[in-house]
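Geometric and topological summary
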Amino acid sequence: MRHLDSTTLPGVKRRKDHVLLCGLLLLLGSFALAQTITLTEAARQVQMAVYQANATQEAIKAQMNAQLRERTEAVAKLDGELKALRAQSDGNSKAQQREIEALANELASAQANVERMLETDRSYREQIKIFRNEVTDIANDPERLEALRIYNEGRPSAALSILDQIDAALSQAERKAQDIKEGERERQKAALANSAIGRDGITLAAVITRYETVLALDATTSDWFALTELYEQANRIDDMKRASIEMLALSTGLREKSIAQNQLGSASRLLGDSDAALLAFERSLSYSDELLKLEPESQEAKQTAAVALDLLGLITSERGDTQASAEVAERSLLLRESLLAADPSNAKLERELSMSLDRVGDLRKDQGDSAGMLQYYQRSLDISKRLVAADPDNLEDKRNLTLSLWRVADAYIIQGRYDDALQLYQESFSISSEISEADPTNIRAKREVALVKGRIGAAKLQLGDLSGALKARDEAVKEYESIALQYPGNAQAQEDLAIELDQIAALKFQMGELEAASVDAKRALDINRKILSGDSGNARNQTGVAVSLIRIALIYSGLGQGASATMALEESTAILRGTLENDPSNQWVTRLLGMALMNFSEVLMKNRMNERALEAGLEGKVIFERLSQLDSSSTQARRDLALSIDRIGDVKLSLDDRDGAIKDYTDALNILVQISTTQPSNARILSDMAFMHIDLWQAISDFNARLGHAEEAEKLISAIGPEDSLPGDLKVRWGIVKDWLRHIER
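Report on the accompanying structure.

Rules behind the numbers
All residue numbers here refer to positions counted from 1 along the written sequence of the relevant chain. Local features in a predicted model are, by the rule used here, given only for residues with pLDDT of at least 70; side-chain atom pairs are given and counted only at 80 or more, and totals for whole chains, interfaces and linings are based on all residues. With hydrogens and water set aside, each side-chain value is computed from the structure's full complement of heavy atoms. Counting from the N terminus, the helices are the DSSP runs of H or I reaching at least four residues and the strands are the DSSP runs of E reaching at least two. What the globule rule says is 2.2 Å times the number of residues to the power 0.38, and the radius of gyration is computed from C-alpha atoms. We call two residues in contact when some of their heavy atoms are within 4.5 Å. Here the open area of atoms and residues is found with the Shrake-Rupley method and a 1.4 Å probe, where only the protein chains shown may cover a residue. All tallies of charge rest on Lys and Arg as positive and Asp and Glu as negative; His and the ends of each chain are not included. Each charge is placed at NZ for Lys, CZ for Arg, CG for Asp and CD for Glu. Residue types Ala, Val, Leu, Ile, Met, Phe, Trp, Tyr and Cys, when buried and joined through side-chain atoms within 4.5 Å, form a set referred to as a nonpolar core. Throughout this description, buried means an accessible area under 20% of the type-specific maximum (1.4 Å probe, protein chains only), exposed means over 50%, and partly exposed covers the range between. Grid spacing is 1 Å over the protein atoms alone, the probe is 1.4 Å, and a cavity is where that probe fits but cannot get out, while a pocket is an open set with protein on both sides within 12 Å along at least five of seven lines and lining residues have an atom within 4 Å of a point. Grid points are joined across faces, edges and corners, and a volume is the space filled by probe spheres set on the points. The classification used treats Ala, Val, Leu, Ile, Met, Phe, Trp, Tyr, Cys and Pro as nonpolar, Asp, Glu, Lys and Arg as charged, and all other residues, Gly among them, as polar. Polar contacts here mean pairs of N or O atoms no more than 3.5 Å apart (in protein, one a potential hydrogen donor and the other a potential acceptor; neighbouring residues in sequence count only if both atoms are side-chain atoms). The axes are straight lines fitted to the C-alpha atoms, using for helices just the contacting stretch, and the angles between their N-to-C directions are given from 0 to 180°. Angles are sorted into four bins: roughly parallel if under 35 degrees, roughly antiparallel if over 145, roughly perpendicular if 65 to 115, and oblique for all others. Here is the rule for handedness: rotate from the far helix to the near one, and if that takes an anticlockwise turn smaller than a right angle the crossing is left-handed, while a clockwise turn gives right-handed. Given the number of residues in a helix, its expected span is that number minus one, multiplied by 1.5 Å. The term salt bridge refers to a side-chain nitrogen of Lys or Arg lying within 4 Å of a carboxyl oxygen of Asp or Glu.

Quick look at the overall build of the protein
Along the backbone of the protein there are 32 helices and 0 strands. Over its C-alpha trace the protein gives a radius of gyration of 42 Å, far above what one expects of a compact globule, namely 27 Å for 746 residues. If one aligns the C-alpha atoms of the protein with their principal axes, the spans along those axes are about 155 × 50 × 50 Å. Put simply, 63% of the contacts in the protein that link residues at least 6 apart link residues at least 24 apart. Counting every atom, the protein has about 34,400 Å² of accessible surface; 51% of that belongs to carbon and sulfur. Computed over 91 positive and 116 negative side-chain charges, the inter-centroid distance for the protein is 3 Å.

Let's talk about the environment of Phe509
Residue placement: Phe509 occurs in helix 22 (residues 491–510). Taking the C-alpha atoms as reference, Phe509 lies 9.5 Å from Asp729; in sequence the two are 220 residues apart. Excluding its chain neighbours within four sequence positions, the residues that come into contact with Phe509 are Leu514, Ala517, Leu554 and Ile555.

Topic: the nonpolar core
Ranked by size, the top nonpolar core spans 70 residues in total, and within it Leu576, Leu672, Ile694, Trp734 and Val737 carry the most contacts. Looking at this core element by element, the count peaks at 10 residues for helix 26 (residues 587–606). Those residues within four positions of Leu576 in sequence are excluded, and the remaining contacts are Thr543, Ala546, Ile550, Val589, Leu592, Leu593 and Ala596.

Digging into the layout of surface pockets
Its boundaries defined by the atoms lining it, the second largest pocket holds a volume of some 330 Å³. Around the second largest pocket, the lining comprises 16 residues; the ones closest to its centre are Met48, Leu82, Arg86, Asn152 and Glu153. Breaking the lining of the second largest pocket down by element, the ones donating at least two residues are helix 2 (41–52), helix 4 (66–88), helix 5 (94–118) and helix 7 (142–152). The element contributing the most residues to the lining of the second largest pocket is helix 2, with 5 residues. When its residues are assigned to classes, the lining of the second largest pocket shows 5 nonpolar, 4 polar and 7 charged.

With respect to the side chain of Ser244
Position of Ser244 relative to the elements: it lies in helix 11 (residues 237–250). Judged by relative accessible area, Ser244 falls into the buried class, the value being 0%. There is a polar contact of 3.4 Å between the side chain of Ser244 and the backbone oxygen of Gln263.

Details of the packing of helix 8 (residues 156–194) against helix 9 (residues 204–217)
For the pair helix 8 and helix 9, the least separation of the axes is 8 Å and the interaxial angle reads 160°. Judged by the inter-axis angle, helix 8 sits roughly antiparallel to helix 9. Helix 9 is crossed by helix 8, and the crossing has left-handed handedness. Residues Lys176, Asp179, Glu182, Gly183, Glu186, Arg187, Lys189, Ala190, Ala191, Ala193 and Asn194 of helix 8 touch helix 9, and the partners they reach there are Val207, Arg210, Tyr211, Thr213, Val214 and Leu217. Looking at the contact of helix 8 with helix 9, its residues break down into 7 nonpolar, 3 polar and 7 charged.

Details of helix 28 (residues 635–654)
Taking 1.5 Å of rise per residue, 20 residues should cover 28 Å, and helix 28 covers 29 Å from first to last C-alpha, within 8% of that figure. For helix 28, the buried fraction is high: 16 of the 20 residues fall into the buried class. With its phi angle positive at about 65°, Asp656 sits one or two positions after the end of helix 28.

Things to note about empty space enclosed by the protein
Scanning the model with the defined rule gives 2 cavities of 30 Å³ or more in all. By volume, the largest cavity is sized at about 140 Å³. Around the largest cavity sit 14 residues that line it, and Arg269, Glu318, Glu495, Asn538 and Asn541 are the ones nearest its centre. Of all elements in the fold, only helix 12 (254–270), helix 14 (299–318), helix 22 and helix 24 (539–558) reach the threshold of two or more residues within the lining of the largest cavity. Here the lining of the largest cavity gets 3 residues from one element, more than from any other, and that element is helix 22.

Quick notes on unusual backbone geometry
Unlike most non-glycine residues, Asn235 shows phi in positive territory, near 65°. The residue Asn235 is located in the loop between helix 10 (221–233) and helix 11 in this model. Of note in this structure, Asp656 is not a glycine but carries a positive phi near 65°. Looking at where Asp656 falls in the secondary structure, it is placed in the loop between helix 28 and helix 29 (658–678). The exposure class of Asp656 is exposed, given its relative accessible area of 70%.

Some points on the pattern of salt bridges
Within the structure shown, the criterion is met by 55 salt bridges. Of the charged contacts in the structure, one is a salt bridge between Arg187 and Asp218, with a shortest N-O distance of 3.4 Å. Linking Arg187 in helix 8 with Asp218 in the loop between helix 9 and helix 10, this pair joins segments that are 31 residues apart in sequence. The same class applies to Arg187 and to Asp218, which are both buried. Glu625 is paired through a salt bridge with Lys621; the nearest N and O atoms lie 3.9 Å apart. In this pair, Glu625 and Lys621 both sit in helix 27 (residues 610–630), 4 residues apart, roughly one turn of the helix. A residue is classified by how much of its surface remains accessible, and Glu625, at 31% relative accessible area, is partly exposed.

Take a look at the structure:
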C-alpha cells in the first residue's frame, strides 16, 4: 500500500537547515559594504524581504542618523544598479550573469549591514527574528521561493496568491497522506470482518458500513469490488451498479477493467436489463482475451478470462442462445481445470472449478442430458464437500455446498429418484438456514432458504405428500414475498416470487382448489408480464410468461372458462415457438411447448373441438418422443411421453375411436410400467399408472378386462397411501371405479 510522510510531499522541508541559513545571514553584518559575499538565491531573497519589511523600514525612520542614512543610500544605489543591469541582460551571457550575481550579493551584504545597525533596538530585533524565520521557511521550498521573488519585486498580491495555492495543495496532500494511512487501517479491519460474516454477531450490514468508511478515506478498485459483492449479498442491486461504475472509472489495467465490467453486467442482469448485461460481459471478455494474448501462461490472465466466460455464458443462456452459452462454458471449464492442475492445493481454484462444473451441468440440463448433468453436478458436490470438511467455518464454502446439494437433487428429480432428492434438499435446507440465521441481514441467504423450501415441496409432491408439499410451498412464497416487498425494483426477487406462485397454483389445482389456484396463477402471470415489459428480449422472461399462461389455462378450463383457456394457450404456444426459432436446441423450452400443446389438446377436447385437439396432441407427442430419444435415462422425459400418448387416447375416445384409444392407453401404461420396475415406490408414477388403468377400465367393454384394470388401480392406490391424500382428479375418478366395484360385488 501507499505510504506518504512529510519528507515525500512537495514543498515540505525539514526545519533543521533553517538555523544554519539564519546564522549565515546574521554573519553578513560583519563584512564591509564593498566586500562581495557568495550567497544562494534563497539567502538573497530572504535578506531582501527582511529589508523591505514594514518593521525594517519603520526602524530606519525611527533610528535615522548620518551613518544609517549613508548605508541606506548605498543600498538604494546598489538596488538601482542591479535593476538596470538585469534590464540590460539578454539572459544568455554568462559574464553578465556573473556580474548580476556579484552585484546581488553586494546588495544583500549592504542590506544586512543596515539590519545589523537596527538590531540595537531590542523590540525590532525580536520582531524581525520571527519574520526572518517565516520567510526562511518559504525560501527553502523552490516553488515558494519563486513567490518570494515576486513579492520582493513589488507584487505582493500575486505572490500571496501563489503561496495560497501552494499551501492549499500541500494541505490537501497532507490530508490525503493521513487518509491513506487511516484507510489502510480500516481496510484491514474490514477484510477481517468480511471473512467473519455470520460469526459472533458480525452482520453483512456492519461489514458494508466498514467498507463504505474505507472508500470515503482511500478508494481503490479492490475496495469497490468487495463492496459490489457485499451489496449483491444484501440485494442492494442499485448500489451494486453504482459501485461497479465507480470501480470501472478507477480501473486502469485490462484485468481491472474486465472485473469491473463483470460486476456492472451482473448488476444490470439482476436489475432485469439483459441488453446492458450482455454488453458489459462482452466487453469484459474482450479485455480478458487481450490480457491472455499478452500473457498466455499467466495464471491470473487465465482466471480473469474464465470469470468473464462464466458470466457471458450465463447471460447468453438466459437470452436463449444455448449454443453460444455452451461454447463459452466449455472453454471456461478447460481454463479452470488447467488452473487447478497447476496449483492443486488451492482452495479458491477448487471453489471456482466447482462453480464452472455447475454451469456446464446447467447447460446439460437445458439440453435434456440428465446423465451428463448429474455427472457434472456430482463432481461439483464432491469438491464442495471437501472444501467444507477442510474449513467448516467458511460460510461461502457452506453456501456453495447447499447449491451443489440441490443441483444434484434436481438431477435426481428428473431421474425419478425422489427419496434421494428429498434427502439432499433437506440437507441443503439445514445448511442454508444456519447461514441465514447467523446473519438476518443477508438477503441472498434468505433467498436461498426460500429456494430450497420450494424444492422440498417439489420432492414431496412427487412422493405423493400433497399436504407436506403445500406447506413447504407456502413457506417459500412468504419468504419471497418478504424479499420482493423489500426490493420491488429487483427483477430477480420478482421472478422468484412469480415462479413459486406458479408452482403453488399448480399444486392447488392438483388438489382441486381451483379458485385458490386461480388467484396465485394470476398473480404469477401479472408479475411475469411486468418483468417481460422491462426486458422483452430475454428468453427466460418470455418463457416465464408462457409457463404462467399454461398454468392459468388449465385452471380456466377446470373452471369451465374454455374461451379464456384457449386464448391463454394460443398466446403461450406463440411465445414458445418464437423463442425456439431463436434457439431451436433449447430442450427446456421445447418441453414447455410440448406441455402447452398437450394442455391445449385437453382444452380443445373439452370444448368439443376434437379434430384440433388431436392435431395439437399429436404435435406434442412428436416433441416428447424426440426428447425421450435424446435422453432415454430421463424419467421425466419418458413420463412426459406416456402422458402425451394417454392424452391422445382421451381425444380418440371422444372421437369414438375406441380401439385407437385402448392402444394409446396401453402404450402409455407400458412406458410407466418400465419406469416402475426401477422406481417401485415412486408415488407420482403409481398415480399415473392408476389413472391409465382407470382410462382402460373406461374404454374397454369386456367385463373381465375391466375388472382386471379396476383391481390393478385399487392395488396402486393402496400403495400410494390414504385416499384423502390423492390428487383431486384421481380421487374423483377412483370414486367412480370404486362404486362400480361395490355394485358388481352385490
